[in-house]
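# Analysis of the macromolecular model
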Amino acid sequence: MSGRTHARVCPERTCVGCRERAAKGDLLRIVAIEGECVPDPRGTLPGRGAYVHRTRVCLDLAVRRRVFPRAFRGRGPFDVTALRRFVERAHVDQAAPVDQATP
């Protein structure tokens, strides 16, 4: 044995909204396509990506700070309506209680 341990390292990214580092899987990747911020939950869309927590607070911080033109190295402003709908839908899905009493 060489004495090395083979611990799996989880890649980290920085949220552009709150500027906190988190595991890549905990953040939502965003890609700019034709002047619009598009959510990329699978992480497969081509292009430069930015990461944000899946919360309205972090998304609002990112919009207020105008970080998307810098993150995508492009001219702004970028339309965030599709992104906002995705985050709100994810928030509603998480908040909805599961009723297991009904058959």
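Our subject is the structure listed above.
Residues numbered from 1 in each chain as written. Predicted model: local features only at pLDDT ≥ 70, side-chain atom pairs only at ≥ 80, totals over all residues. Heavy atoms only, no water.

## Details of unusual backbone geometry
Put simply, the rule is: Secondary structure elements are taken from DSSP: a helix is a run of H or I of four residues or more, a strand is a run of E of two residues or more, and numbering for both begins at the N terminus.
The phi dihedral of Glu34 falls on the positive side, at around 50°, and the residue is not glycine. When you line up the elements, Glu34 lands in the loop between strand S3 (27–33) and strand S4 (36–40). The phi angle at Arg66 is positive, at roughly 55°, despite the residue not being glycine. By the secondary structure assignment, Arg66 is in the loop between helix H1 (56–64) and helix H2 (68–72).

## Points about the pairing of S4
Applied cut-off: The pairing criterion for strands is at least two bridges between them, as found by DSSP.
The pairing of S3 with S4 spans five bridges and is classified as antiparallel. Each bridged residue has a counterpart across the sheet, and for Ile30 the counterpart in S4 is Pro39. The antiparallel hairpin formed by S3 and S4 contains two residues in its connecting segment, where Glu34 sits at a positive phi of about 50°.

## Quick word on the sheet that holds strand S5 (residues 49–53)
In sheet architecture, strand pairing relies on hydrogen bonds along the backbone and comes in two forms, parallel and antiparallel. Which entries qualify depends on this criterion: In this description, a line fitted to the C-alpha atoms serves as the axis of each element, helices being fitted only across the stretch in contact, and the angle between N-to-C directions of two axes falls anywhere from 0 to 180 degrees.
The sheet built from three strands is open, its strands ordered S4-S3-S5 with antiparallel pairing. One side of each edge strand has no neighbouring strand; the edge strands of this open sheet are S4 and S5. Sheet twist, expressed as the mean angle between neighbouring strand axes with direction ignored, is 40°.

Everything listed here is a matter of geometry and, on its own, says nothing about what the molecule does.
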